[in-house]
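This is what each chain is made of:
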Amino acid sequence: MAYDVIFIGTGPGGYVGAIKAAQLGLKTAVVEKRETYGGTCLNIGCIPSKALLHASEMFAEAGHSFDALGIEGVKPKLNLAKMMAHKDATVASNVGGVAFLFKKNKIDAFRGMGKIAGPGKVAVTGEDGKVMEVEGANIVIATGSDVAGIPGVKVDIDEKVIVSSTGGIALDKVPANMVVVGGGVIGLELGSVWARLGSKVTVVEYLDTILGGMDAEISKQFQRMLAKQGIEFKLGAKVAAVAKAKNGATVTFEPVKGGAAETLAADVVLIATGRRPYTDGLGLEEAGVELDRGKVKTDGHYQTNVKGIYAIGDVIAGPMLAHKAEDEGIAVAEILAGQRGHVNYDAIPSVVYTSPEVASVGKTEEELKKAGIDYKVGKFPFTANGRARAMLHTEGLVKILADKATDRVLGAHIVGFGAGEMIHELTVLMEFGGSSEDLARTTHAHPTMSEAVREAALATFFKPIHI
Ligand code: NAI
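Being a predicted model, the structure only gives us computed values, none of them experimental.

J.: An account of the overall build of the protein chain is needed here, citing residue identities and associated values.
T.: Along its length, the protein chain carries 14 helices and 24 strands. The dimensions of the protein chain, computed from C-alpha atoms along their principal axes, are 65 × 60 × 50 Å. Within the protein chain, the proportion of its 467 residues that are buried is 51%. Considering only contacts in the protein chain between residues 6 or more positions apart, those separated by 24 or more positions represent 63%. On the protein chain, roughly 21,700 Å² of surface is accessible, and the fraction owed to carbon and sulfur atoms is 53%.

Set out below in structure tokens:
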């Protein structure tokens, strides 16, 4: 065999796994159909959206909050093309970084569409249609996910008027009106970008809450914050049709509980109703690889039912998150190198990069209730945090859930400025099986936003100091 392992796909799962495998001494190859490495995340997902989220947040701050800080007369003028160029440059430096790391770690890359052609064989079809066969003792499927569309509704996504996240990060002008179908992560992040740049954004969501599955109290508070920013919500609304119009498009939805349908017109409609595992053209059926509801079925060691064929990331079960895929990439590389790779699925943080951010790790209050676990709640609002007041970032709170008997932290939820960074002290705490008292007895620098995390921990087992 030419290689010890071939990774199909170079998203966060595939590229991180390949680097780890090479570092552990395995002869490693990758197959990638895109021109650049990094998959959806680096090319058209996490990274470009964060460039736009940051830039649009600065634009909104300059326009709205500077005055209160004594910085007067700032009237920011939007240069959308320049903002997009910043986004493109961010993507270029990140995908270039992966190419550099592949070279540095002596990973061979094959450009083209990969297909499993038999045990230990991957056929790679290049753009010119030529097929070459690459052999490896092990194959790791890391092909990620693609836009799911709206189940049961035919939608013609042209990426100009009716867009997925791909077109949603590349509009050439700010739409006056935007309808977002789906109040999940993509809908709220990209909806925020365009709302800050001047669009009137309406989110149409099937569930009665936004960010379904999020702790209900946090989700409710967060929705109020977004509404204050001008985003409108139509909840409990099932989208039945999305159609192109003479100018823009229309979205028709009906109340889930029954009732009259409503139609909204918009310049741009963003479809953000989830993603599906991407297994097209991989030859899984011929190879005998089993699927479970579209996802590649794996055992506890990421091996499929076919020996030597593994799978990681969005294409298998679990949350579709880049960092979950990365950790599975590391784990599968370690397993293939004879080590004991492992991912702790109870301590995977998730972050919504809106303003303010929403971050969580572990169980929600609803999940604990459902599981019949006795728990305690500790909360602390940022309004009572000195640093937050100094920065005018007092919106939000920290909420910690701990086991009633043992005080072990079972879940934590933060909505507030910098939540996506603060969540990690709770993630580490949970990884070590820590209690809220462990956290509350750890000295936190003053003045920091993180002191609110400590105060919430204090509130979990005793009382906070500052309220
Ligand atoms: P999502 O699953 O987060 O949200 C989709 C929403 O669409 C749900 O709330 C669902 O109830 C709603 N929906 C479905 N059908 C509908 C209909 N007919 N009418 C109205 N609403 C409907 O999916 P999303 O936002 O597209 O994101 C896809 C994946 O990408 C997710 O797994 C997400 O975790 C991941 N992602 C993560 C990010 C992060 O971690 N910051 C950023 C962007 C994406």
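J.: Report on the sheet that holds strand β14 (residues 262-266), specifying residues and quantitative values.
T.: What the three strands build is an open sheet, ordered β12-β13-β14; its pairing is antiparallel. Either end of the sheet is taken by a strand with one partner, and the two such strands are β12 (237-244) and β14. Averaged over all pairs of adjacent strands, the angle between strand axes in this sheet comes to 25 degrees, irrespective of strand direction. Taken together, the seven bridges between β12 and strand β13 (residues 249-255) define a ladder with antiparallel strand orientation. The partner of valine 239 across the bridge, within β13, is phenylalanine 253.

J.: Give me the lowdown on the pairing of strand β6 (residues 131-141), citing residues and values where you can.
T.: Relative to β6, strand β1 (residues 3-8) runs parallel, the two sharing five bridges. Within the sheet, the bridge partner assigned to isoleucine 6 lies in β6 and is isoleucine 139. Relative to β6, strand β5 (residues 121-125) runs antiparallel, the two sharing five bridges. Note that in β6 the partner of lysine 121 across the bridge is glutamate 135. A loop of five residues connects β5 with β6, the two strands running antiparallel in sequence, and glycine 129 in this loop sits at a positive phi of about 85 degrees.

J.: Could you give an account of the packing of aromatic side chains, naming the residues involved and the relevant values?
T.: Two numbers describe a pair of aromatic rings. These are the distance of the centres and the angle of the planes. With the rule as written, the count across this model stands at two aromatic pairs. Ring geometry for tyrosine 3 and phenylalanine 110: centres 6.1 Å apart, planes at 80 degrees, overall edge-to-face. Of this pair, tyrosine 3 sits in strand β1 while phenylalanine 110 is found in strand β3 (residues 108-111), placing the two residues 107 residues apart along the sequence. Across the pair, exposure class does not vary: tyrosine 3 and phenylalanine 110 are buried alike. Relative to phenylalanine 102, the ring of tyrosine 37 has its centre 4.8 Å away and its plane inclined at 65 degrees; by these criteria the two rings are edge-to-face. On the criterion of sequence distance, the pair formed by tyrosine 37 in the loop between β2 (28-32) and α2 (39-44) and phenylalanine 102 in helix α4 (residues 80-104) is long-range, its members being 65 residues apart.

J.: I'd like to hear about a nonpolar patch on the surface, residue by residue, with values.
T.: Taken together, Leu69, Ile71, Val74 and Leu392 make up a surface patch of nonpolar side chains, about 320 Å² in accessible area. Residue position: valine 74 is located in the loop between α3 (46-64) and α4. On the basis of relative accessibility, which here comes to 33%, the residue valine 74 falls in the partly exposed class.

J.: Outline the sheet that holds strand β8 (residues 162-163), listing residues and values.
T.: Reading across from one edge, β8-β15-β9-β10-β11 is the order of the five strands in this open sheet, with parallel pairing throughout. Each edge of the open sheet is held by one strand with a lone partner, namely β8 and β11 (232-234).

J.: Quick rundown of the site of the ligand? Include the residues and the values.
T.: By nearness alone, 21 residues border the ligand, and Ile186, Glu189, Glu205, Gly274 and Val351 come closest of all. Isoleucine 186 has a polar backbone atom sitting 2.9 Å from an oxygen atom of the ligand. Tyrosine 206 has a polar backbone atom sitting 3.1 Å from a nitrogen atom of the ligand. Here the ligand has 850 Å² of accessible area as a free molecule, and 78% of this is covered by the chains. For the shell around the ligand, the elements supplying multiple residues, two or more each, are α6 (185-196) and β12.

J.: Go over α4 with me, naming the residues and quoting the values.
T.: Its 25 residues place the ends of α4 36 Å apart at the C-alpha level, agreeing with the 36 Å of an ideal helix rising 1.5 Å per residue. Buried within α4 are the following residues: Leu80, Met83, Met84, Lys87, Thr90, Val91, Val95, Val98 and Phe102. Looking at the buried side of α4, the elements it contacts are α1 (12-23), β2, α2, α3 and α6. Lysine 106 sits one or two residues past α4 and shows a positive phi near 55 degrees.

J.: Talk me through the packing of α3 against α6; I want residue IDs and the actual numbers.
T.: The N-to-C vectors of α3 and α6 enclose an angle of 35 degrees; their axes lie 9 Å apart at closest approach. Here α3 and α6 pass one another in a crossing that is left-handed. Contacts between α3 and α6 involve Ser49, Lys50, Leu52, Leu53, Ser56, Glu57, Phe59 and Ala60 on the former and, on the latter, Glu189, Leu190, Ser192, Val193 and Arg196. Residues belonging to the contact of α3 with α6 are distributed by class as follows: six nonpolar, three polar and four charged.

Scoring rules and cut-offs
Residues numbered from 1 in each chain as written. Predicted model: local features only at pLDDT ≥ 70, side-chain atom pairs only at ≥ 80, totals over all residues. Heavy atoms only, no water. Helix = DSSP H or I, 4+ residues; strand = E, 2+ residues; numbered from the N terminus. Buried < 20%, exposed > 50% of the residue type's maximum accessible area, 1.4 Å probe, protein only. Contact = heavy atoms within 4.5 Å. Areas by Shrake-Rupley, 256 points an atom, 1.4 Å probe, with all protein chains shown as cover. Pairing = 2+ DSSP bridges. Axes fitted to C-alpha atoms, helices over the stretch in contact; angles between N-to-C directions. Phe/Tyr/Trp six-rings, centres within 6.5 Å; stacked < 30°, edge-to-face > 60°. Patch = residues over 30% accessible without salt bridge, like charges linked within 9 Å, V, L, I, M, F, W, Y side chains within 5 Å. Salt bridge = Lys/Arg side-chain N within 4 Å of Asp/Glu carboxyl O. Near = heavy atom within 4 Å. Polar contact = N/O pair within 3.5 Å; in protein donor to acceptor, adjacent residues only side chain to side chain. Expected span 1.5 Å × (residues − 1). Left-handed = near helix turned anticlockwise from the far one by under 90°. Nonpolar A, V, L, I, M, F, W, Y, C, P; charged D, E, K, R; others polar.

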